Amino acid sequence: MASTSVDLLIAGAGPTGLGAAKRAQEQKANFVLVDKAAEAGGLASTAKTDQGFLFDVGGHVIFSHYAYFDDVIHEALPNESDWFTHERVSYVKSRGKWVPYPYQNNISVIPIEDQSKAIDGLIDAAVTRAQTPHIKPKTFDEWIVRQMGEGIADIFMRPYNYKVWAVPTTHMQCNWLGERVAAPNPKLVIQNVLHKRTAGNWGPNATFKFPARDGTGGIWKAVAKTVSPNYLRFGEENGIISIDAKGKTVSLKSGETIKYKKFISTMPIDYTLSITKNVDGIDGAKKAANDGLVYSSTHVVGVGYRGVPPPDIKGMCWLYFPENDCPFYRCTVFSLYSPYNVPGESHKTKTIQMSDNSKPVTDKSERPGPYWSLMFEISESHMKPVNHDTIIQDTIKGAVATGMSRGDDEVVSIYHERFDHGYPTPSLGRDDALKQILPVLDHHDILSRGRFGSWKYEVGNQDHSFMLGVEAADYALYGVPEMTLNYPDIINGKPNKERRLNREM
Ligand SMILES: Cc1cc2nc3c(=O)[nH]c(=O)nc-3n(C[C@H](O)[C@H](O)[C@H](O)COP(=O)(O)OP(=O)(O)OC[C@H]3O[C@@H](n4cnc5c(N)ncnc54)[C@H](O)[C@@H]3O)c2cc1C
C-alpha cells in the first residue's frame, strides 16, 4: 500500500486546519492536509437543500480578533460584492416580549413582577460584590448570581444557558468568561426601568459582514482555493483511522500511510486519543478526557418558507429563546443575511406543509416565491435528550408559538442535520483534563488544536480556530509559543492588529 512522507501533516480542513495549511504554504513547508469530508469548511460549512435554500451549521457571524485573519479572508473574498453588511439586531423572547439583547440591561420591557425580582437580585448582587471583593466564583452559576443576582438568573440566565449548553450552569466553570464581562449597573438598570427605556447595547456601529454567496461555507471554500491543491486531499478515503505516535505515522481509511515529523490534528481530541497507539501516558490522558471533557451535540433545523417574514421580526438577525415554548435556543433569520440564501423569486416549489401542521395544504402545485428562511439550533446531551423523530415538527411548531412564523405560512423546504460534536462545554473538569492530555500528545509531536482539538470554547470561533492553526504551524516549524491556545483572555481582550512576519524556512 502507498506510503507518503512529509514534514508536517495536518488533519482537517475546517478553519483550524486551513489556518495551519495557509501558514505552512507561506513558509514553503513540506506538508499535506487530509480531510475525510468532500470539501473544506468543517463545522463552518453550508448545506443546500434540494429546493435551493442554504443553511449554515447554526448562526455563524465573524468577530475577528486578528488582522492576519482579516487579511486572509480579504484575500479569499476581496470584492465588495462578495459581502453584505448588516446591523446586528438581536432580541430575547421573554415573557411574551422581545427584549433587546443583552437581556440584563433591558428589563424595562418585561412584566413588572419580573422587573421587581430582577432589581432585587441586582441590588443583592452589588452588595455581595462590595462586601466580598476577593471572592472568585467557581461555577458559572455562582458567577451569574454574583454578577446579576437570583432574579435575572432564574428568569433568563439559567434557563437560557441550559438550553444552549444542555447541562445546568452549576456543572460549568466560569474561567472561560475571562475578566471582560462587566456586571450590569443597577442604577442604570433602575433608571431604564423607571423611564421605560431600553439600553440596546450593540452601539451605532455594531455591524457584521456575511458572504453574499454560498453562506459561511463559501468563505472557507474560498480560503481553501488560496492553498495549492497539491497540498490538499479530500474524501472519505483520506479519513485518519489510526495514529502510531512513536512511529510518527498515520493510517488512512484507504490503507495508505503517511509518515510525518510533526502532526497538527484538528479532529476531536477524544477521537484522536481513541485511535492513537504507542503513546506514553495514553491511559491517563484517556481517563482525563473521559472524566473531564464534556460536549453537546447540535441539531440544526432549517425551514424555507414562501412569502415574506412576519412584520414583527423585520430587520431581526438572530433571536434567543430561554423558555419552554420551543425546543430551540436560537433562531437566525437566514434569508436576511443574503438574498442568495434562498432561491430566486421565479423558482417554483411545492408546499410541503403549512407552518401550523394541522392546517391542510390547499394548493399542491409548483408555484414561485418570494422566499424567506429561518435556521434553528437545538442542543442535545445525555442530560437533555432530544426526540429525533419529532424534532423537525417540534421546531416548526415552536416557530409559530414564538411568533417567528405564522400558522398559515407555507413551508417549502426543510433541512435537518445533527452535529455530534457541536459545543465544547466549559465543564468544571475541562482545564485540568486539558493540562493532562495536551502535553501527552505534544510530547509525541501531535499538536491537537481547534474547536474540539483543544476544546476551549472561548477560543473556538472561526477567527480563533483559524489562528490556533496558524500558531500551531509556527510552533511546529519554529517553536514559536502559541498565544491563542495558552492565553485566551489576552487574545479576547486585545486590539485587532496582529500580523505575522513572513519567514523563509
Ligand atoms: C452551532 C455552531 C455555531 C457557531 N457559531 C459561530 C459564530 O457565530 N462565529 C464563529 O466565528 N464561529 C462559530 N462557530 C464555530 C466554527 O464553526 C468553528 O470555529 C470552526 O468550524 C472550528 O474549526 P475547526 O477547524 O477547529 O474544526 P472543524 O470545523 O470541526 O473541522 C474539523 C475537520 O476535521 C475533519 N476530520 C474529522 N475527523 C477526521 C478524520 N478522522 N480524518 C480526517 N479528517 C477528519 C472534519 O471533516 C472537519 O473538516 C459555531 C459552531 C457551531 C457548531
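Quick caveat: nothing in here was measured; it's all calculated off a predicted structure.

A. Molecular detail of the overall build of the chain. Tallying secondary structure elements over the chain gives 14 helices and 22 strands in all. Relative to the globule expectation of 23 Å for 505 residues, the C-alpha radius of gyration of the chain, 24 Å, shows essentially globular dimensions. Within the chain, buried positions represent 55% of all 505 residues. Looking at the chain as shown, the accessible area adds up to about 21,800 Å², and 52% of this sits on carbon and sulfur atoms. On the chain, the mean spot of the 56 positive side-chain charges and the mean spot of the 58 negative ones are 2 Å from each other.

B. Up close: the nonpolar core. Within the largest apolar cluster, 48 residues are counted, with the highest numbers of intra-cluster contacts made by Tyr103, Ile107, Phe140, Ile152 and Tyr337. Ranked by the residues each element gives to this core, the list is headed by helix α4 (residues 140-165), at twelve residues. Shared between two domains, this core takes at least three residues from each, and those domains are domain 2 (104-194) and domain 3 (295-425). Among all residues touching Phe140, those that are not within four sequence positions of it are Met157, Asn161, Thr169, Met172, Gln173, Cys174, Trp176 and Leu177.

C. Examining the pattern of salt bridges more closely. Taken as a whole and assessed by the stated rule, the structure comprises 28 salt bridges. The closest approach of N and O atoms between Glu410 and Arg367, which form a salt bridge, is 2.7 Å. Of this pair, Glu410 sits in strand β21 (residues 410-425) while Arg367 sits in the loop between β19 (353-354) and β20 (371-380); the two residues are 43 residues apart in sequence, bridging distant segments of the chain. Overall, the relative accessible area of 19% leaves Glu410 in the buried class. A salt bridge links Arg418 to Asp420; the shortest N-O distance between them is 3.3 Å. In this structure Arg418 comes out as partly exposed when scored by relative accessible area, which is 32%. In this structure Asp420 comes out as partly exposed when scored by relative accessible area, which is 31%. Connected via shared salt-bridge partners are Arg95, Asp114, Lys117 and Glu323.

D. Inspection of the pairing of strand β8 (residues 97-100) at higher detail. Two elements, strand β7 (residues 90-94) and β8, share four bridges in a ladder whose sense is antiparallel. Bridging from a neighbouring strand, Lys93 pairs with Trp98 of β8. Where β7 folds back onto β8 in an antiparallel hairpin, the turn is made up of two residues, including Arg95, whose phi is positive at roughly 50°.

E. Up close: the sheet that holds strand β1 (residues 3-5). Overall, mixed pairing links the five strands, which are arranged β1-β13-β12-β11-β15 in an open sheet. Here the strands that pair on one side only, and so sit at the sheet edges, are β1 and β15 (276-277). When strand β11 (residues 240-244) meets β15, the two strands line up parallel, connected through two bridges. Considered in β15, the bridge of Asp244 is made with Lys277.

F. The arrangement of the domain arrangement of the chain in detail. When the domains of the chain are assigned, the result is domain 1 (3-44 + 63-82 + 215-293 + 427-493), domain 2 (104-194) and domain 3 (295-425). Computed from C-alpha coordinates alone, the two centres of domain 2 and domain 3 are separated by 30 Å. Residue-level contacts link twelve residues of domain 2 with 17 residues of domain 3. Together, the buried faces of domain 2 and domain 3 total about 1,200 Å²; carbon and sulfur atoms form 68% of this surface. Linking domain 2 to domain 3 there are zero salt bridges. Put simply, domain 2 and domain 3 have seven residue pairs in polar contact (both at pLDDT 80 or more) between them. Each residue belonging to the side of domain 2 that touches domain 3 can be placed in one class, and the counts come to ten nonpolar, one polar and one charged.

G. Geometry of the packing of aromatic side chains. Applying the stated criterion across every chain, the model contains 33 aromatic pairs. Ring geometry for Trp220 and Phe466: centres 5.9 Å apart, planes at 35°, overall tilted. With Trp220 in helix α6 (residues 215-225) and Phe466 in helix α12 (residues 462-478), this pair connects stretches of sequence that are 246 residues apart. With respect to burial, Trp220 and Phe466 carry one shared label: buried. Seen in terms of ring centroids, Phe334 and Tyr337 are 5.7 Å apart; in terms of plane orientation they differ by 55°. Their pairing is tilted.

H. Looking closely at helix α8 (residues 282-292). Three or more residues of α8 are buried, namely Ile282, Ala285, Ala288, Ala289 and Gly292. Mapping the buried residues of α8 onto a view down its axis gives an arc of 125°, with all of them on the same face. Counted as exposed and oriented over 90 degrees from the buried face of α8: Asp283, Lys287, Asn290 and Asp291. Contacts from the buried residues of α8 go to α7 (269-275), β15, β16 (294-306) and α11 (430-442).

I. Representation of the sheet that holds strand β18 (residues 330-332) within the structure. The strand order across the open sheet formed by eight strands is β8-β7-β17-β18-β20-β16-β21-β19, and the pairing between neighbours is mixed. Looking along the sheet, the strands with just one partner apiece sit at the ends: β8 and β19. Two strands pair when backbone bridges link them, and β16 and β21 are joined in this way by twelve bridges, in the antiparallel orientation. What sits directly across from Val300, in β21, is Glu417.

What counts and what doesn't
Residues numbered from 1 in each chain as written. Predicted model: local features only at pLDDT ≥ 70, side-chain atom pairs only at ≥ 80, totals over all residues. Heavy atoms only, no water. Helix = DSSP H or I, 4+ residues; strand = E, 2+ residues; numbered from the N terminus. Rg over C-alpha atoms; globule rule 2.2 N^0.38 Å. Buried < 20%, exposed > 50% of the residue type's maximum accessible area, 1.4 Å probe, protein only. Areas by Shrake-Rupley, 256 points an atom, 1.4 Å probe, with all protein chains shown as cover. Lys, Arg positive; Asp, Glu negative; His and termini not counted. Charge placed at Lys NZ, Arg CZ, Asp CG, Glu CD. Core = buried A, V, L, I, M, F, W, Y, C linked by side-chain atoms within 4.5 Å. Domains from an automatic or database assignment. Contact = heavy atoms within 4.5 Å. Salt bridge = Lys/Arg side-chain N within 4 Å of Asp/Glu carboxyl O. Pairing = 2+ DSSP bridges. Buried area = accessible area lost by both parts, 1.4 Å probe. Polar contact = N/O pair within 3.5 Å; in protein donor to acceptor, adjacent residues only side chain to side chain. Nonpolar A, V, L, I, M, F, W, Y, C, P; charged D, E, K, R; others polar. Phe/Tyr/Trp six-rings, centres within 6.5 Å; stacked < 30°, edge-to-face > 60°. Arc of directions from axis to C-beta.

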